[in-house]
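# Structure at a glance
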Amino acid sequence: MAARVCRLHHVSLHVSNAVRVAGALASRFQFVAVGARVTARSRQLALRKGSAVFVVNERRDTGVTWTEAEENGQGYLYDVRPCYAVDSACNVCFEVEDVTESCARLSDRGCDVLVPPTEVCDPDGGGSVTYSVIRSVVGNVCHTLLDRSRYQDQGGFLPGFQRVGDGTDSEPDSRCPVTHFDHVTFACPRRSTGEVMKWYQENFGFQRFFIGSNEDVDEGYVLNQDGIGLRLTAMEYWKCSEIGLSIPFKDSQTPDCKFVIAESLPEKGQNQVDTFLKQHRGPGIQHIGLSTQNIVSTAETMAQAGVEFFTPPPAYYTEVGKQQEILEAGHHPKELKQHGILLDTDLRNHEDSSTMPNGRYLLQVFTKPIFSEDTFFLELIERRGGHRVRRGEHPGPVEVCSVLYGERVLRTETGLRGQNQAD
Ligand SMILES: O=C(O)C(=O)Cc1ccc(O)cc1
């Protein structure tokens, strides 16, 4: 039986300079520092924006040798020391109802338990949390499982972290309304998607999420043209009710952060997934989508603060079909162009591509890599028009290619559909 994931709690980055990376998240991406834990061995800094939380971890080189216990978990609270050669986003922490039971189930299923269930008490009497750490099937990725139902959060992070600031990151930030993590994308080697899907389905109960209406069950969503060769396969899970973790109110459950598996297709030349695998020295988390309620003002604010975004070729915004789509969606091509924002409508579900079918579309813009290697980056994403959707209804990550893979790619939805059918 799978362990039931309730929601994503935070994502951990392991870096050589935590102050620099946390500083960039704060000053450029407008995250707010909420907690810190500094010991002789490690520095751990937690930053939040909406419900999106990053923990930036650094092994401190203070000449102190780590004991085996520290290497295996105690050195980093809520995590393990990943022993990785380059900076990496490598732990997605999930809240679960019962860490001990989840861990036992996963262990029975043959998963590697890196940290057994461990309780951390709040010295200030706020209760306690329990966590354990499991190794994922993807590269250096781990999952911390966390039960914080016995912890009275006073606006800080988790027990063991000092509160930073006054915890008032909840103030609405109208210029930069990032609300949560939208998706986590893994870069994986060719033909490994099946194994990764299976692992998450069997161990965490994830379900397949179809990106496009014409997506093949086995092949995934294939982008195979003009030098782009990408296979995307997405998975989702259902978030527990906000009212109480253990209440299985189906109607009140909503999909939480999605997971996308990206692999490159053979003979298409080096693309971003290949670059990631090489520079990261193996599979892992390639990017994370931050959901915003206003991508234009978020991108503008972040750009002014120093975030660098990829920009598509200028012709993207003047191509007749795309220009019309942008206008129909109520945006200005000039404004989207200014920030490198892409528009992806849901047209491929409809025969008549001259109209916006159901008003559902997404806007996205990608940052340049945030570590010194060409590896991990962030994405801003704004979903418009209706709820997050089920099979075949999701506006897929299509336009991404023109930004990420070169100047030539300006194709129509029809072209994409034809291409997919040809596959
Ligand atoms: O569009 C998205 O957000 C995706 O997750 C798809 C994707 C996958 C791999 C890339 O190198 C770029 C984009």
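Keep in mind it's a predicted model, so treat the numbers as computed, not measured.

A word on the pattern of salt bridges. Think of it this way: side chains of opposite charge can pair up when their charged atoms draw near. In the structure shown here, the tally under the stated rule is 21 salt bridges. Notably, a salt bridge pairs Asp-173 with Lys-49, separated by 2.9 Å at the nearest N-O pair. Placement of Asp-173 in the loop between strand S9 (162-163) and strand S10 (178-187) and of Lys-49 in strand S3 (residues 42-49) is noted, with a sequence separation of 124 residues between them. Take Lys-49: its relative accessible area is 7%, and that puts it in the buried class. With a closest N to O distance of 3.0 Å, Glu-325 and Lys-322 form a salt bridge.

This part takes up unusual backbone geometry. Positioned with a positive phi, Gln-30 is a non-glycine residue whose angle comes to about 70°. Its place among the elements puts Gln-30 in the loop between helix H1 (18-27) and strand S2 (32-38). At Arg-191, a position not held by glycine, the phi torsion is positive, near 65°.

With that out of the way, let us pick up the domain arrangement of the chain. Split by domain assignment, the chain resolves into domain 1 (5-163) and domain 2 (178-420). Carbon and sulfur atoms make up 70% of the area that domain 1 and domain 2 hide from each other, which totals about 3800 Å². Counting the surface domain 1 buries against domain 2, the share from its top three residues, Arg-7, Phe-29 and Val-137, is 17%. At the junction of domain 1 and domain 2, the tally comes to 1 salt bridge. Put simply, Glu-202 and Arg-109 hold a salt bridge, and the shortest N to O gap is 3.2 Å. Summed over the shared surface of domain 1 and domain 2, the number is 10 residue pairs in polar contact (both at pLDDT 80 or more). Every element with two or more residues in the side of domain 1 that touches domain 2 is listed here: strand S1 (5-14), H1, strand S4 (52-59), strand S5 (88-96), strand S7 (128-135) and strand S8 (142-147). Residue contributions to the side of domain 1 that touches domain 2 peak at 7 residues, all from S5.

A word on the nonpolar core. Core analysis: the biggest nonpolar cluster contains 74 residues, and Leu-13, Phe-186, Tyr-200 and Phe-259 have the highest contact counts within it. With 5 residues, helix H4 (residues 193-204) is the largest single contributor of residues to this core. Here this core spans two domains, since at least three of its residues come from each of domain 1 (5-163) and domain 2 (178-420). With near-sequence residues (within four places) excluded, Phe-259 lies in contact with Leu-8, Val-92, Phe-94, Val-184, Phe-186, Phe-206, Thr-233, Ala-234, Met-235 and Tyr-237.

Another point: the packing of aromatic side chains. One pass over the full model with this rule turns up 23 aromatic pairs. Centre to centre, the rings of Phe-31 and Phe-54 are 5.4 Å apart; their planes meet at 45°, and the pair counts as tilted. In this pair, Phe-31 sits in the loop between H1 and S2 while Phe-54 sits in strand S4, placing the two residues 23 residues apart along the sequence. In this pair, the class of Phe-31 matches that of Phe-54, namely buried. Ring geometry for Tyr-237 against Phe-259: centres 6.5 Å apart, planes inclined by 40°, an arrangement best described as tilted. With a gap of 22 residues between them, Tyr-237 in the loop between strand S13 (228-236) and strand S14 (258-264) and Phe-259 in strand S14 connect regions that are remote in the sequence. Across the pair, Phe-259 and Tyr-237 agree in class, each one buried. In this structure an aromatic cluster arises from ring pairing among Phe-94, Phe-186, Trp-199, Tyr-200, Phe-204, Phe-206, Tyr-237 and Phe-259. Lying across the ring of Phe-209, Lys-258 places its NZ or CZ 4.5 Å from the centre.

So, on to the pairing of S14. Within S14, 7 of the 7 residues are buried, which leaves the element mostly enclosed by the surrounding structure. Residues Lys-258, Val-260, Ala-262 and Ser-264 point to one face of S14 and Phe-259, Ile-261 and Glu-263 to the other, with burial holding for every one of them. With 6 bridges connecting them, S13 and S14 associate as antiparallel partners. In the strand pairing of S14, Leu-230 is matched with Ser-264.

What follows concerns the sheet that holds S4. The strand order across the open sheet built from 9 strands is S6-S7-S8-S5-S1-S4-S3-S2-S9, with neighbouring strands paired in mixed fashion. Here the strands that pair on one side only, and so sit at the sheet edges, are strand S6 (113-121) and S9. Relative to the sheet, H4 contacts S1, S7 and S8, its axis offset from that of S8 by approximately 20°.

About the cut-offs
- Residues numbered from 1 in each chain as written.
- Predicted model: local features only at pLDDT ≥ 70, side-chain atom pairs only at ≥ 80, totals over all residues.
- Heavy atoms only, no water.
- Salt bridge = Lys/Arg side-chain N within 4 Å of Asp/Glu carboxyl O.
- Helix = DSSP H or I, 4+ residues; strand = E, 2+ residues; numbered from the N terminus.
- Buried < 20%, exposed > 50% of the residue type's maximum accessible area, 1.4 Å probe, protein only.
- Domains from an automatic or database assignment.
- Buried area = accessible area lost by both parts, 1.4 Å probe.
- Polar contact = N/O pair within 3.5 Å; in protein donor to acceptor, adjacent residues only side chain to side chain.
- Core = buried A, V, L, I, M, F, W, Y, C linked by side-chain atoms within 4.5 Å.
- Contact = heavy atoms within 4.5 Å.
- Phe/Tyr/Trp six-rings, centres within 6.5 Å; stacked < 30°, edge-to-face > 60°.
- Lys NZ or Arg CZ within 6 Å of the ring centre and 35° of its normal.
- Pairing = 2+ DSSP bridges.
- Axes fitted to C-alpha atoms, helices over the stretch in contact; angles between N-to-C directions.

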